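The residues making up each chain are set out below.
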Amino acid sequence: MWEFWRRHKRKVYVTFGVLGSGYLLYKLYDGHRRRLSDLERELADEKSNEELIRSQIKEHFEKIQTIANSTTLPHVMRYLSSRIDEELDLTHLMERLVKGKDEPNSLTAAEKLELWDRLKILNFTRIVLSLWVTTILSLYIRVQVNILGRHLYIDTARGLGSSIQFDEADLIDRDDEQQFLASADYLTNVGLPALISSFETAASEVLKGKQLKDFFNTTVLHDTILQILDSFLSMGHPYHWMGFLMPEPAKLFNSSATSSSDNTDPSPASKFEQLMLEARAVLSSSEFENILDMSLKTVVDVMMEDIRVLCGETNLKVGIPLAKLLPRLAHMSRILLEEPTRDRYIQIVQDMPEVEMFFTLLYASTPAS
């Protein structure tokens, strides 16, 4: 026995060493295989969650577009339309002119000329203003709901255990959401008088020297409308028009500071303020500027087609005196803010491929404040 051990102990040690190493390698392999299996299962679960999130994002994206088109925008536009009717009511001017025609001695020649000149400026003011507010509000409200949609997606992703990391500051409560959407009425409640004044100034500048007997054809009318828009947009500093659409950031923070005057320590911006700053960043981007420019040119072209129908294709092609054109423009400015004309113009803008792409990218990439 001892002789056998002496002769074969080296082989026995080697055999045990090989067996021990094999067992150790097996345990290491089995542990590695289990970890790989767990990792694959975790990745599969995460992929399933991400696919569910993407599916819900797509569904939610479509829902918020529907909400914007069917609820938020119609409400804002109806309210705005009634305010424009109040601020730019041309009835009293027309009544004075009619009275002057029926009773020649009631108005002097100078008064008649002044009334016609005022009617000329206000007609163009109203029609170009109506085009601009319809276009800008349809785009602005979609900016709002897409920003909100992105934040709500963050909530969904967190709830489903997405691997994407988010700050708690990304969460938006219902009060902030409602306050943010309600801010779309700022133009109607606060900015409209100053906006009308700016468009009136632009119209006065472009129409200076144009007489009632001057003939307006399709080209002249089209160019006049675009010139008024360009004159308005070039006033003041770049993006000055945002002051009509939404409060300046300083006013937001001052309002917040006033409401919490007991606290002397500087506080971070509220969720509502963050949303407003995010919307302002989008509206002041070069991409939005391009979309707004393309949209305005598109609605001007569409309106020109409608005016041709009102005036008669041949009449406007040849040209008609400005005095005869003004009543048609007054009619066009009224129906422009009414359903279904307003909805048709808005739909045309929303169906533009460039607009659809802009909002698709906005929904996917809007940064959280």
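To be clear, the structure that these remarks concern was listed above.
First, a word on what this report is: a plain description of the structure on this page.

Quick notes on the pattern of salt bridges
At step 1: Inspection of every chain in the model, using the stated rule, returns twelve salt bridges.
At step 2: Residue E87 pairs with R83 through a salt bridge whose shortest N-O separation is 3.1 Å. Placement of both E87 and R83 in helix 1 (residues 2–87) is noted, with a separation of four residues, approximately one turn of the helix.
At step 3: Taking the shortest distance from any N to any O, the salt bridge between D343 and R342 comes out at 3.4 Å.
At step 4: Its relative accessible area of 2% is what places R342 among the buried residues.
At step 5: Residues participating in the shared-partner salt-bridge network are R78, E339, R342 and D343.

As for the side chain of T134
At step 1: Note that T134 resides in helix 3 (residues 109–159).
At step 2: For T134, a relative accessible area of 6% translates into the label buried.
At step 3: Here S130 takes part through its backbone oxygen, which lies 2.8 Å from a polar atom of the side chain of T134.
At step 4: In this structure, T134 is in contact with M77, L337, R342 and I346, ignoring residues within four places of it in sequence.

Topic: the packing of helix 10 (residues 286–311) against helix 13 (residues 341–350)
At step 1: Where helix 10 meets helix 13, the closest approach of the two axes is 10 Å, and the angle between their N-to-C directions is 140°. By the angle class used here, helix 10 and helix 13 are oblique. The two elements helix 10 and helix 13 cross, and the hand of that crossing is right-handed. Mapping the contact onto sequence places S295, T298, V299, V302, M303 and D306 in helix 10 and R344, Y345, I348 and V349 in helix 13.
At step 2: Per-class residue counts for the contact of helix 10 with helix 13 are six nonpolar, two polar and two charged.

Details of the nonpolar core
At step 1: With 87 residues, the main nonpolar core has F124, W132, L137, L195 and W241 as its most contacted residues.
At step 2: Per-element tally for this core: the top contributor is helix 3, with 20 residues.
At step 3: Excluding residues within four positions of it along the chain, L137 makes contact with L73, V76, M77, L80, A184, L187 and L245.

Re the packing of helix 12 (residues 322–336) against helix 13
At step 1: Their axes nearest at 7 Å, the elements helix 12 and helix 13 cross at an angle of 75°. By the angle class used here, helix 12 and helix 13 are roughly perpendicular. When helix 12 is examined against helix 13, the residues M332, I335 and L336 are found in contact with a partner set consisting of T341, R342 and Y345.
At step 2: Residue composition of the contact of helix 12 with helix 13, grouped by class: four nonpolar, one polar and one charged.

Rules behind the numbers
- Residues numbered from 1 in each chain as written.
- Predicted model: local features only at pLDDT ≥ 70, side-chain atom pairs only at ≥ 80, totals over all residues.
- Heavy atoms only, no water.
- Salt bridge = Lys/Arg side-chain N within 4 Å of Asp/Glu carboxyl O.
- Helix = DSSP H or I, 4+ residues; strand = E, 2+ residues; numbered from the N terminus.
- Buried < 20%, exposed > 50% of the residue type's maximum accessible area, 1.4 Å probe, protein only.
- Polar contact = N/O pair within 3.5 Å; in protein donor to acceptor, adjacent residues only side chain to side chain.
- Contact = heavy atoms within 4.5 Å.
- Axes fitted to C-alpha atoms, helices over the stretch in contact; angles between N-to-C directions.
- Parallel < 35°, antiparallel > 145°, perpendicular 65-115°, else oblique.
- Left-handed = near helix turned anticlockwise from the far one by under 90°.
- Nonpolar A, V, L, I, M, F, W, Y, C, P; charged D, E, K, R; others polar.
- Core = buried A, V, L, I, M, F, W, Y, C linked by side-chain atoms within 4.5 Å.

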